[in-house]
Amino acid sequence: MNAITLPTPTDLTITPRDRRFGRDSATPRLWHGGRVEATAIYNALSSTFPIGEAYFVESVRAFRAGTPPKLNEEIKAFTTQEVIHSREHDAFNKRATDAGYDLTKLEARVEQRMAIARARAPIANVAATMALEHFTAILAHQLLANPRHLEGADPEAAALWRWHSCEEIEHKGVAYDTWLWATRDWPRFKRWKVKAKIMLYVTRNFLVDRTGGALELMRQDGVTGFRAWRLLLTYLWVRPAMFRKIAGAWFKYFLPGFHPWNEDDRHLLAAYDAGAKGAPEPKRKVRRAA
Ligand SMILES: [Fe+2]
Ligand SMILES: [Fe+2]
């Protein structure tokens, strides 16, 4: 069976934006508005990207041969984008290290997760990638749609996160379409069951590991115990509440007929690209568009 409809918009072109951030000056240690918990959670996320994104690329590319031409091209562009993201987050992580943070424990944790994942079947790795790409896409949407998340952040660091978010939205259908293609002969229920099970597994690890990673970095800033938990959980779940605000989009993953492009949020890309071309920062415009 070869005929399959992939729901990614036919007029979507994935365009890598090869940009560099923060090379000319040091990033302040508490780059996120001087806030320990805000800096910690973004640094914890960033510490996972170079290792994690290499894994995403490897997982998807294992199924590239024989895919329809459009998907084949998209996998190529996805690869380019993720490789450049890794380069920029690697540089960002080095700046965090220069500022005095030790990311080795966080990176070791990701390596450990990847080793467990790589021992599994290639299709399970595509399913894990698809789940994590859904995570990054809904985080990215929230980050671009709601300027509060980067309020007070160092401008170069904020620019890095906006750029990454934009490209995560742009390629959000690639791992999903690769999965649809690779499992095209599977019964529907089996597809749903594997997809749902792996999403639950990945979500648990994501929440545990990123929270643990952020707490470790806060400890390095001398914030520990109840105070650290209170600051971090308030930041993630109460205000600006990134995790709470993506909960609805996370649930949609389990609905029949889900596809990342059921939510067409290309207006966020258009606003980002308009802002990046030298027009005024798209903050206000994006706030209304959301
Ligand atoms: Fe990325
Ligand atoms: Fe991605």
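Thresholds applied
Residues numbered from 1 in each chain as written. Chains lettered and ligands numbered in written order. Predicted model: local features only at pLDDT ≥ 70, side-chain atom pairs only at ≥ 80, totals over all residues. Heavy atoms only, no water. 1 Å grid on protein atoms, 1.4 Å probe; cavity = no way out; pocket = protein on both sides within 12 Å on 5 of 7 lines; lining within 4 Å. Points joined across faces, edges and corners; volume = space filled by probe spheres on them. Helix = DSSP H or I, 4+ residues; strand = E, 2+ residues; numbered from the N terminus. Nonpolar A, V, L, I, M, F, W, Y, C, P; charged D, E, K, R; others polar. Patch = residues over 30% accessible without salt bridge, like charges linked within 9 Å, V, L, I, M, F, W, Y side chains within 5 Å. Areas by Shrake-Rupley, 256 points an atom, 1.4 Å probe, with all protein chains shown as cover. Salt bridge = Lys/Arg side-chain N within 4 Å of Asp/Glu carboxyl O. Phe/Tyr/Trp six-rings, centres within 6.5 Å; stacked < 30°, edge-to-face > 60°. Lys NZ or Arg CZ within 6 Å of the ring centre and 35° of its normal. Buried < 20%, exposed > 50% of the residue type's maximum accessible area, 1.4 Å probe, protein only. Contact = heavy atoms within 4.5 Å. Donors = N, O, S within 2.8 Å, 3.2 Å for Na, K, Ca; no water. Axes fitted to C-alpha atoms, helices over the stretch in contact; angles between N-to-C directions. Parallel < 35°, antiparallel > 145°, perpendicular 65-115°, else oblique. Left-handed = near helix turned anticlockwise from the far one by under 90°.

Caption draft 1: A look at empty space enclosed by the protein. In this structure the tally under the stated criterion is four cavities of 30 Å³ or more. In this structure, the largest cavity occupies an estimated 460 Å³ of space. Lining the largest cavity are 25 residues, and of these Tyr-55, Arg-113, Met-114, Leu-132 and Val-202 sit closest to its centre. Listed by contribution, the elements that provide at least two residues to the lining of the largest cavity are helix H1 (36-61), helix H3 (104-118), helix H4 (122-145) and helix H7 (188-220). Broken down by element, the lining of the largest cavity gets its largest block of residues, seven residues, from H7. Of the residues assigned to the lining of the largest cavity, the class counts are 16 nonpolar, five polar and four charged. Approximately 220 Å³ is the volume attributed to the second largest cavity. Taken together, 17 residues form the lining of the second largest cavity, with Leu-45, Leu-139, Ala-140, Leu-143 and Trp-161 sitting closest to its centre.

Caption draft 2: Local environment of a nonpolar patch on the surface. There is a patch of nonpolar side chains on the surface, built from Trp-229, Leu-233, Trp-237 and Val-238 and spanning about 380 Å² of accessible area. If you trace the backbone, Trp-229 turns up in helix H8 (residues 225-237).

Caption draft 3: Representation of the packing of aromatic side chains. Enumeration according to the criterion identifies 18 aromatic pairs in this entry. Ring geometry for Tyr-253 and Phe-254: centres 5.9 Å apart, planes at 80°, overall edge-to-face. Taken together, the ring pairs connect Tyr-176, Trp-250, Phe-251, Tyr-253, Phe-254 and Phe-258 into an aromatic cluster. Its guanidinium or amino end placed over the ring of Trp-181, Arg-184 lies 3.7 Å from that ring's centre, counting from NZ or CZ.

Caption draft 4: Inspection of the environment of Tyr-235 at higher detail. Examined against the element boundaries, Tyr-235 turns out to sit in helix H8. For Tyr-235, a relative accessible area of 4% puts it in the buried group. For Tyr-235 and Ile-41, which are 194 residues apart along the polypeptide, the C-alpha to C-alpha distance reads 9.2 Å. Not counting chain neighbours up to four residues away, the residues in contact with Tyr-235 comprise His-32, Arg-35, Glu-37, Ala-38, Ile-41, Tyr-42, His-149, Pro-240, Ala-241 and Met-242.

Caption draft 5: Quick look at the coordination of the iron ion (ligand 1). Distances from the iron ion (ligand 1) to its protein donors, namely Glu-53 (OE), Glu-82 (OE), His-85 (ND1), His-164 (NE2) and Glu-168 (OE), fall within the range 1.9 to 2.3 Å. Here the iron ion (ligand 1) and the iron ion (ligand 2) are spaced 3.7 Å apart, and both take Glu-82 as a donor. Here His-164 and its partner Glu-168 are both found in helix H5 (residues 155-170), four residues apart, which amounts to about one turn of the helix. By the burial criterion, His-164 is buried, and Glu-168 matches it.

Caption draft 6: Geometry of the packing of H4 against H5. Between H4 and H5, the least distance of the axes is 8 Å, while the angle of their chain directions is 125°. Relative to H5, the element H4 is oriented oblique. Both H4 and H5 take part in a crossing whose hand is left-handed. Contacts between H4 and H5 involve Glu-133, Thr-136, Ala-137, Ala-140, His-141, Leu-143 and Leu-144 on the former and, on the latter, Trp-161, Arg-162, Ser-165, Cys-166, Glu-168 and Ile-169.

Everything listed is a geometric property; what it means functionally is a separate question.
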